[in-house]
Amino acid sequence: AVFHTVFFNSLAHIQHHYFLNSRAVTEKISNPSWYIKESDDPLLEGLNEFDEILSDYLNYDNYEILLATGLTQKPVKKATFYWRLKNHRDFLDKLSIKYSDVKPRMTRDFLIEFNNEENLKDAINKLDSIYEYESGIKLFNEIDNRGSSLFVVLTYPTDLTDKIFGFSDFSFNANETVSFVAIKNGEHSPKGYAFCSNGIKDYMIKDGDHVSKLFFTLKNFFLNDNADAV
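Bear in mind that the values here come from a model prediction, so they are computed numbers and not experimental data. (Residues numbered from 1 in each chain as written. Predicted model: local features only at pLDDT ≥ 70, side-chain atom pairs only at ≥ 80, totals over all residues. Heavy atoms only, no water.)

**Overview of the overall build of the chain**
Broken down by element type, the chain carries six helices and 11 strands. In terms of overall size, the chain is more extended than a compact globule, its C-alpha atoms giving a radius of gyration of 24 Å where 230 residues would be expected to give roughly 17 Å. On the principal axes, the C-alpha backbone points of the chain span a range of 75 × 45 × 25 Å. Surface accessibility of the chain: about 14,600 Å² in total, with carbon and sulfur atoms responsible for 49%. With 25 positive and 34 negative side-chain charges, the chain shows a spacing of 6 Å between the two charge centroids. (Helix = DSSP H or I, 4+ residues; strand = E, 2+ residues; numbered from the N terminus. Rg over C-alpha atoms; globule rule 2.2 N^0.38 Å. Areas by Shrake-Rupley, 256 points an atom, 1.4 Å probe, with all protein chains shown as cover. Lys, Arg positive; Asp, Glu negative; His and termini not counted. Charge placed at Lys NZ, Arg CZ, Asp CG, Glu CD.)

**Topic: the packing of helix α1 (residues 10–18) against helix α2 (residues 42–58)**
Each pair of packed helices can be summarised by the angle the axes make with each other and by the distance between the axes. At a minimum axis separation of 9 Å, α1 and α2 run at an interaxial angle of 170 degrees. With respect to α2, the element α1 is oriented roughly antiparallel. Here α1 runs over α2; the crossing is left-handed. Together, S10, L11, I14, Q15 and Y18 of α1 and P42, L43, G46, L47 and F50 of α2 make up the contact between the two elements. Taken together, the residues of the contact of α1 with α2 break down into seven nonpolar, three polar and no charged. (Axes fitted to C-alpha atoms, helices over the stretch in contact; angles between N-to-C directions. Parallel < 35°, antiparallel > 145°, perpendicular 65-115°, else oblique. Left-handed = near helix turned anticlockwise from the far one by under 90°. Contact = heavy atoms within 4.5 Å. Nonpolar A, V, L, I, M, F, W, Y, C, P; charged D, E, K, R; others polar.)

**Here we look at the sheet that holds strand β9 (residues 170–173)**
Strands sit in the order β5-β8-β9 across an open sheet of three strands; the sheet is antiparallel. Two strands in the sheet have a free side with no partner beyond their single neighbour: β5 (131–132) and β9. Where β5 and strand β8 (residues 164–167) come together, two bridges link them in antiparallel fashion. Bridge assignment links Y131 to a residue of β8, and that residue is G166. (Pairing = 2+ DSSP bridges.)

**Section: α2**
In this model, α2 (17 residues) spans 24 Å end to end at C-alpha, consistent with the 24 Å of a helix rising 1.5 Å per residue. By the burial criterion, the buried members of α2 are P42, L43, G46 and F50. Looking down the long axis of α2, one finds its buried residues gathered within 100 degrees of arc, a one-sided arrangement. α2 presents E45 and E52 as exposed residues on the side facing more than 90 degrees away from its buried surface. (Expected span 1.5 Å × (residues − 1). Buried < 20%, exposed > 50% of the residue type's maximum accessible area, 1.4 Å probe, protein only. Arc of directions from axis to C-beta.)

**A look at the sheet that holds strand β3 (residues 101–104)**
In a beta sheet, neighbouring strands pair by backbone hydrogen bonds and run either parallel or antiparallel. As summarised here, the arrangement of the four strands in space is β3-β4-β7-β6, forming an open sheet in which the pairing is antiparallel. On the outer flanks of this sheet lie β3 and β6 (142–145), each paired with one strand and no other. Geometrically, the sheet is characterised by an average inter-axis angle of 15 degrees between neighbouring strands, direction not taken into account. Bridge count between strand β4 (residues 109–113) and strand β7 (residues 149–153): five bridges; the pairing is antiparallel. Residue pairing for β7: L111 is matched across the bridge by F151.

**A few points about the nonpolar core**
Judged by nonpolar contacts, the single largest core of 33 residues is most densely connected at F91, I112, L127, I130, L139 and F140. Among the elements of the structure, β2 (72–85), α3 (88–94), β4, α4 (117–129), β7, β8, β9 and β10 (178–189) are those that each provide at least two residues to this core. Setting aside anything within four residues of it in sequence, one finds I130 in contact with F91, L95, K138, L139, F140, F165, G166, F167 and F172. In terms of nonpolar packing, the next biggest core, distinct from the first, is built from seven residues, L11, L20, V25 and L43 among them. (Core = buried A, V, L, I, M, F, W, Y, C linked by side-chain atoms within 4.5 Å.)

Here it is in structure tokens:
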């Protein structure tokens, strides 16, 4: 017997950043032309690749197949820009923030570690005070105090090209400080879907069950004289 399990995550990233270019999306908002051509549909291209991969399995004479999504995504109602600090240490130094270490994380996030509470509180006050002068929108709207460290997210949601940020006597041009990462097109939805071939249907979980219960679908399938299934 041969059992194959394949985990695909690439299409999730495509949905996150290019979902609004899909022909399946009816929202009236769209991505700017400098970000991606209007005629491009990365989601469709990804699905075509998946079809090619699945066709290899369908060529077997004796097989059963189970497809499942852990989550799904839905298009956003308003596109959100993602930005990232170019140099985290340089930025904190310019703010005269006293830290022991700074660790960049995924996309917009970074962790700042401190030796004492006084320096941590000073950092919170400064980071929380930075806003874009024209709109008044904060640069960091998520600052999580974790005791001896701060988990910070650069949350400014729109285009900040040529915009000036700062507080009191400290100011800076966004072009010199941050880099463009992506535009958020899709967001997670807890509802998922599953499909199986006829040989697995008798062991399939019920509508509304948590995705983790698919373990029992596979377990019961193989325990019931299906050892030859591919």
